[in-house]
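Listed below, chain by chain, are the residues.
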Amino acid sequence: MTTSASVPAGQESATVGQGTVTDRLVDANEQYANAFADPGMDARPVLRVAVVACMDARLDLHAALGLELGDCHTVRNAGGVVTDDVIRSLTVSQRALGTRSVVLIHHTNCGLESITEEFRHDLEMEVGQRPAWAVEAFRDVDQDVRQSMQRVRTSPFLLYTDDVRGFVFDVKTGLLREIDPT
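Figured I'd write up the structure that's included with this text. Being a predicted model, the structure only gives us computed values, none of them experimental.

1. Some remarks on the sheet that holds strand 7 (residues 176-179)
Sheet strands pair by backbone hydrogen bonding; their relative direction is either parallel or antiparallel.
Here's step 1: Strands sit in the order 4-3-5-6-7 across an open sheet of five strands; the sheet is mixed. Of all strands in the sheet, those with a lone pairing partner are strand 4 (72-77) and strand 7, marking the two edges. Sheet twist, expressed as the mean angle between neighbouring strand axes with direction ignored, is 25 degrees.
Here's step 2: Here strand 5 (residues 101-107) pairs with strand 6 (residues 164-169) via six bridges, running parallel. In the sheet register, Val102 faces strand 6, and the bridge partner there is Val164.
Here's step 3: The strands touched by helix 3 (residues 84-97) are strand 3 (49-54), strand 4 and strand 5; relative to strand 4, the strand with the most contacts, the crossing angle is about 170 degrees.

2. Examining the pattern of salt bridges
Here's step 1: The final tally for this structure, using the stated rule, is six salt bridges.
Here's step 2: The salt bridge partner of Asp56 is Arg58, with a shortest N-O separation of 2.7 Å.
Here's step 3: On the basis of relative accessibility, which here comes to 15%, the residue Asp56 falls in the buried class.
Here's step 4: The partly exposed category is assigned to Arg58, whose relative accessible area is 44%.

Conventions we followed
- Residues numbered from 1 in each chain as written.
- Predicted model: local features only at pLDDT ≥ 70, side-chain atom pairs only at ≥ 80, totals over all residues.
- Heavy atoms only, no water.
- Pairing = 2+ DSSP bridges.
- Helix = DSSP H or I, 4+ residues; strand = E, 2+ residues; numbered from the N terminus.
- Axes fitted to C-alpha atoms, helices over the stretch in contact; angles between N-to-C directions.
- Contact = heavy atoms within 4.5 Å.
- Salt bridge = Lys/Arg side-chain N within 4 Å of Asp/Glu carboxyl O.
- Buried < 20%, exposed > 50% of the residue type's maximum accessible area, 1.4 Å probe, protein only.

Here it is in structure tokens:
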């Protein structure tokens, strides 16, 4: 696997070479667009599945799950936790765009396992305003997957809650481990 994660030690700013990381991304997009051909798809995922996962940069969901462009909707956030905004995205995915299955993926060594709700207090002290959102930190990844599955299964906004499965991705082996919802 190749990675671009080789930022020189001590380089703390968002610069790479002569420009910023964003400049690098914009340049990469220009190269991408030069070879781009409209795939002729609409927004409805071919496999009718939505995947909710952590934003962790070590998770290459398409490669790990054998997915191609257009196969699924992907919703990512810190921890892969099912929050109100995830329910919003899943509701649009199901009701407007035809998905029927939900796959939840948390992972080993998640950053949310090392912080607490005290993070919100620290932010409030720093900026003078308490965040309206919860950190959703956790200690037990399996239990957090169960909680996320339960949130999906009990949401009044979601039409399809029979095919909801949760997994923990091992960042060392690349393997998924399914979590029993009970």
